[in-house]
Amino acid sequence: MAILPILCFPDPRLHKRAQPVAQVDERVRAIVADMFETMYHAKGIGLAATQVDIHERIVVIDVSEERNQPLVLVNPELVWASPETRIGEEGCLSVPGIYDGVERALAVQVRAQDADGHSRVIEAEGLLAVCMQHEMDHLLGKVFVEYLSPLKRGRIKTKLLKQQKAEQAER
């Protein structure tokens, strides 16, 4: 297992659409293992393969307090979203230190394959539903800041680019 580098907004690779996984095999399970290690190391609750520059439809999630309920979504599809929505504070490992309100469905049903390639439908609400929607957006090349106003998005982009330049200068 390895900790993978996480792409940071506004990296254009975050806007690439992920391709379907043809077969869940050892290669995919190795990617999943590396993604979990990366997510746990970064203290996140979800990670899409797009965020680690792997443009395949793979998501890992663990919203449990104990960090012991890993969820793997390969080729996830939104089957149903509740008409009821809520604006909740979101953050993202690809947008470090930034949190803002995003409107999401309160509950969802997602069809996906697990790490063994078995298809299942997962019903989720609350934090898990939000996390699933957030990570599935990444697979479509969408980062949560794109839900914000152009002014806010521009300020975030400027702030993160300054941080990235400062970090590069320190190396």
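Residues numbered from 1 in each chain as written. Predicted model: local features only at pLDDT ≥ 70, side-chain atom pairs only at ≥ 80, totals over all residues. Heavy atoms only, no water.

Asker: Describe the pairing of strand β5 (residues 95-105), with residues and values.
Answerer: The side chains of a regular strand alternate between the sheet's two faces. Strand direction decides the pairing type here: strand β4 (residues 85-92) and β5, joined by seven bridges, are antiparallel. Bridging across to β5, I87 finds its partner in E103. (Pairing = 2+ DSSP bridges. Helix = DSSP H or I, 4+ residues; strand = E, 2+ residues; numbered from the N terminus.)

Asker: Pulling in residues and values, what's your account of a nonpolar patch on the surface?
Answerer: A surface patch of nonpolar side chains, amounting to about 260 Å² of accessible area, comprises V79, W80 and V121. Judged by relative accessible area, which is 38%, V79 ranks as partly exposed. (Patch = residues over 30% accessible without salt bridge, like charges linked within 9 Å, V, L, I, M, F, W, Y side chains within 5 Å. Areas by Shrake-Rupley, 256 points an atom, 1.4 Å probe, with all protein chains shown as cover. Salt bridge = Lys/Arg side-chain N within 4 Å of Asp/Glu carboxyl O. Buried < 20%, exposed > 50% of the residue type's maximum accessible area, 1.4 Å probe, protein only.)

Asker: Give me the lowdown on the packing of aromatic side chains, citing residues and values where you can.
Answerer: All chains considered together, the criterion is met by one aromatic pair. Taking the centre distance of 5.8 Å and the plane angle of 20 degrees together, the rings of F36 and Y40 count as stacked. Of the two residues, F36 and Y40 both sit in helix α1 (residues 26-41), four residues apart, roughly one turn of that helix. A relative accessible area of 27% means that Y40 is categorised as partly exposed. Over the aromatic face of Y147 sits the side chain of K142, whose NZ or CZ is 4.0 Å from the ring centroid. (Phe/Tyr/Trp six-rings, centres within 6.5 Å; stacked < 30°, edge-to-face > 60°. Lys NZ or Arg CZ within 6 Å of the ring centre and 35° of its normal.)

Asker: Could you give an account of the pattern of salt bridges, naming the residues involved and the relevant values?
Answerer: For the structure on display, the rule yields eight salt bridges. Linking R111 and E77 is a salt bridge whose minimum nitrogen-to-oxygen distance equals 3.9 Å. Of the two residues, R111 sits in strand β6 (residues 107-113) while E77 sits in strand β3 (residues 71-81), which places them 34 residues apart along the sequence. Judged by its relative accessible area of 44%, E77 is partly exposed. R104 is the partner of E90 in a salt bridge, and the nearest nitrogen-oxygen pair spans 2.7 Å. Of this pair, E90 sits in strand β4 while R104 sits in strand β5, and the two are 14 residues apart along the sequence. Considered together, E90 and R104 belong to a single accessibility category, that of buried residues. One continuous salt-bridge network, built from bridges that share partners, spans D11, R13 and D53.

Asker: Give a detailed account of the state of the cysteines, specifying residues and quantitative values.
Answerer: Following the criterion strictly, the structure yields zero disulfides and no others. Sulfur of C8: no disulfide; nearest cysteine sulfur belongs to C92 and is 8.7 Å away. Take C8: its relative accessible area is 27%, and that puts it in the partly exposed class. A residue is classified by how much of its surface remains accessible, and C92, at 10% relative accessible area, is buried. (Disulfide = S-S within 2.5 Å.)

The analysis is restricted to geometry; functional conclusions fall outside its scope.
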